[in-house]
Amino acid sequence: AITEGGGVTSRIKGRCMLRAPVFVFRNISEATDFYRYADSAEVKAAVSEVLNTSLNHVTVTHLRVFQTDRKVHISIGIDSSDAAGQNKVTYAGDIVMQYM
């Protein structure tokens, strides 16, 4: 069907492997306090530095913190160059959980 429809053209807009560890709290108030802490520029810079120095051959491409009810997610994006990066980004998630 794709060939008959004229084919497909694709572009790579960026390279990034993602994981998003989740922190679960007793109530929304506690989650919001943690969200404000984790989303601060200082903490995000420190987490990025820890990841960049702890993981070989990867670069942190983004760090996004978001809250859903009593849960706070920290989305970690890494570029692992020519490697797929599933193991590295999983390890990155563990580092973030321990750091926080």
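Residues numbered from 1 in each chain as written. Predicted model: local features only at pLDDT ≥ 70, side-chain atom pairs only at ≥ 80, totals over all residues. Heavy atoms only, no water.

1. Focus on the pattern of salt bridges
1) Next: Counting across every chain of the model gives three salt bridges.
2) Next: A salt bridge links aspartate 79 to arginine 15; the nearest nitrogen and oxygen atoms lie 3.4 Å apart. Of the two residues, aspartate 79 sits in strand β4 (residues 71-79) while arginine 15 sits in the segment before β1 (17-19), which places them 64 residues apart along the sequence.
3) Next: For aspartate 79, a relative accessible area of 22% puts it in the partly exposed group.
4) Next: Residue glutamate 30 pairs with arginine 26 through a salt bridge whose shortest N-O separation is 2.6 Å. (Salt bridge = Lys/Arg side-chain N within 4 Å of Asp/Glu carboxyl O. Helix = DSSP H or I, 4+ residues; strand = E, 2+ residues; numbered from the N terminus. Buried < 20%, exposed > 50% of the residue type's maximum accessible area, 1.4 Å probe, protein only.)

2. Here we look at the pairing of strand β3 (residues 59-68)
1) Next: Bridge count for β3 against β4 is nine bridges, and the pairing is antiparallel. Within β4, the position partnered with valine 60 by the bridge is isoleucine 78.
2) Next: The hairpin formed by β3 and β4 contains two residues between the paired strands, and aspartate 69 there has a positive phi angle of roughly 55°. (Pairing = 2+ DSSP bridges.)

3. Here's the deal with the side chain of serine 48
1) Next: Mapped onto the elements, serine 48 comes out in helix α2 (residues 41-54).
2) Next: Under the relative-accessibility criterion, serine 48 is labelled buried at 18%.
3) Next: Beyond its immediate chain neighbours, meaning those up to four positions away, serine 48 contacts Val60 and Leu63. (Contact = heavy atoms within 4.5 Å.)

4. Topic: the confidence of the model for the protein
1) Next: When the pLDDT values of the protein are averaged, the result is 91; 100% of them are 70 or greater.
2) Next: By mean pLDDT, helix α3 (residues 86-99) is the weakest element of the protein at 89, and helix α1 (residues 28-38) is the strongest at 98. (pLDDT = per-residue confidence, 0-100.)

5. A word on the packing of α2 against α3
1) Next: Packing of α2 against α3 leaves a shortest axis separation of 10 Å and a crossing angle of 135°. When the axes of α2 and α3 are compared, the pair comes out oblique. Every pair of crossing elements has a handedness; the one defined by α2 and α3 is right-handed. In contact with Ala46, Val47, Val50, Leu51 and Ser54 of α2, α3 contributes Tyr91, Ala92, Ile95, Val96 and Tyr99. (Axes fitted to C-alpha atoms, helices over the stretch in contact; angles between N-to-C directions. Parallel < 35°, antiparallel > 145°, perpendicular 65-115°, else oblique. Left-handed = near helix turned anticlockwise from the far one by under 90°.)

6. Concerning the environment of arginine 19
1) Next: Relative to the helices and strands, arginine 19 resides in strand β1.
2) Next: Take arginine 19: its relative accessible area is 30%, and that puts it in the partly exposed class.
3) Next: Residues contacting arginine 19, with those up to four places away along its chain left out, are Ile74, Ser75, Ile76, Gln86, Val89 and Thr90.
4) Next: A polar side-chain atom of arginine 19 sits 3.2 Å from a polar atom in the side chain of threonine 90. (Polar contact = N/O pair within 3.5 Å; in protein donor to acceptor, adjacent residues only side chain to side chain.)

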